[in-house]
Amino acid sequence: MAEPPTTSNTPAYGAGLLDHHLPLEARRLRALEAFADPGSRAALDSCGLQAGWRCLEVGGGAGSVARWLAGRCAPGEVVATDLDISLLPKNVPNLTVLRHDVVGEDFPEASFDLVHTRALLEHLPEREDVLAKMVRWTAPGRWVCVEGVIVVTSTDGARNACHRCLDALVALADSMRADARWATAVPRLLAQAGLEDVGLRCTPGLVGPGGNANALLRLALSLTGPAMVARGFIQPQDLTDCTRLLDNARYTDLAFLSLSAWGRRPPA
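Residues numbered from 1 in each chain as written. Predicted model: local features only at pLDDT ≥ 70, side-chain atom pairs only at ≥ 80, totals over all residues. Heavy atoms only, no water.

**Q** Talk me through the sheet that holds strand β1 (residues 55-58); I want residue IDs and the actual numbers.
**A** Read across the open sheet, the seven strands follow the order β3-β2-β1-β4-β5-β7-β6; overall the sheet is mixed. Looking at which strands have only one partner, the edges of the open sheet turn out to be β3 (95-99) and β6 (196-207). Between one strand axis and the next, the sheet turns by 15 degrees as a mean value, whatever way the strands run. Looking at chain direction, β1 and strand β4 (residues 112-118) are connected through four bridges and run parallel. For E57, the partnering residue across the bridge sits in β4 and is H116. Of the strands in this sheet, β5 (138-151), β6 and β7 (253-264) are in contact with helix α4 (residues 161-175), which crosses β7 at around 40 degrees. (Pairing = 2+ DSSP bridges. Helix = DSSP H or I, 4+ residues; strand = E, 2+ residues; numbered from the N terminus. Axes fitted to C-alpha atoms, helices over the stretch in contact; angles between N-to-C directions. Contact = heavy atoms within 4.5 Å.)

Structure below.
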């Protein structure tokens, strides 16, 4: 088990825009769960998840994956970590919640059967160093699963307010040393880390009425829109026009991809 957290130079998650104490951030995390959980569960099942496994959920967010893992691997243990554990469940018998700085702290080598994270590493400048740690924490013959949310920008010349807002999300991520497209590299990075049986699953995020990512985009723009306007990435009218598009019964577009990649550490 890790030592208690120490002071770190790690920048605040989302540069203060995505803090867990913000009511809209809790709602955004729930919208992320609604969009991404089906794909996450399918990806984790592809790792051969079994009862009795010891699992690590890095950056547990609002806790839906940690809670699900605890049910699937019982009587095994799930350790769920985050810098802010206020939204993680506290009443699951085989779930241990731990405040942990994944950049500055460690776990013993080969101490978990499954190590998983979702929508975290793309926010960390040290993302590839943390990925290497996750591989070390995984027992030989067991699995690492990394998921990221990719912001999709227009490539066909179509330009509307939704596209401008998505471009602004990418620009804002860049300004915070995040990378809204980094997850595309994960399968390659898992293979380069020596993992075997690398697998991949993608979940498209559609916006527009009834879209599976509509709520996620709305909440992301509500949280980050003022900062994107202040930094000149978009105009206030773009936010208004994007909301109108998302309400338009004839509008559908691809805004996100949730990419899940997994690989097995070679047996000893």
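**Q** I'd like a description of the packing of aromatic side chains, backed by residues and values.
**A** Summed over all chains, the structure comprises two aromatic pairs. With a centroid separation of 5.4 Å and an interplanar angle of 85 degrees, the aromatic rings of F107 and F112 are classed as edge-to-face. For F107, a relative accessible area of 7% puts it in the buried group. Classification of F112 as buried rests on a relative accessible area of 1%. Look at F107 and W137: their rings are 5.0 Å apart centre to centre, the planes differ by 85 degrees, and that puts the pair in the edge-to-face class. A residue pair is termed long-range when its members are at least 10 positions apart, and F107 in the loop between β3 and β4 and W137 in helix α3 (residues 127-137) qualify at 30 residues. Grouping residues by exposure puts F107 and W137 together as buried. Among the aromatic residues, ring-to-ring pairing joins F107, F112 and W137 into one connected group. (Phe/Tyr/Trp six-rings, centres within 6.5 Å; stacked < 30°, edge-to-face > 60°. Buried < 20%, exposed > 50% of the residue type's maximum accessible area, 1.4 Å probe, protein only.)

**Q** Now, about unusual backbone geometry: what can you tell me, with residues and values included?
**A** The omega torsion of the bond from A74 to P75 falls at 10 degrees, within 30 degrees of zero and hence cis. Tracing the backbone through its elements, the reader meets P75 in the loop between α2 (64-73) and β2 (78-82). Positive phi, close to 60 degrees, is recorded for A110, a residue that is not glycine. By the element assignment, A110 lies in the loop between β3 and β4. In the Ramachandran plot, R177 falls in the positive-phi region, its phi being about 65 degrees despite a non-glycine side chain. Counting through the fold element by element, R177 comes out in the loop between α4 and α5 (186-192). Among the residues examined, R177 registers a relative accessible area of 54% and is labelled exposed.

**Q** How would you explain the side chain of T224 if you had to name every residue and give the values?
**A** Inspection of the secondary structure assignment puts T224 in helix α6 (residues 214-230). Here A220 takes part through its backbone oxygen, which lies 2.7 Å from a polar atom of the side chain of T224. Not counting chain neighbours up to four residues away, the residues in contact with T224 comprise L18, L169 and L172. (Polar contact = N/O pair within 3.5 Å; in protein donor to acceptor, adjacent residues only side chain to side chain.)

**Q** With reference to specific residues and values, describe the environment of G263.
**A** Looking at where G263 falls in the secondary structure, it is placed in strand β7. Using a relative accessible area of 0% as the deciding quantity, one classes G263 as buried. Distance from G263 to R27, taken between C-alpha atoms, is 31 Å for residues 236 residues apart in sequence. The contacts of G263, once residues within four sequence positions are left out, are R142, W143, V144, L190, L195, E196, D197 and V198.

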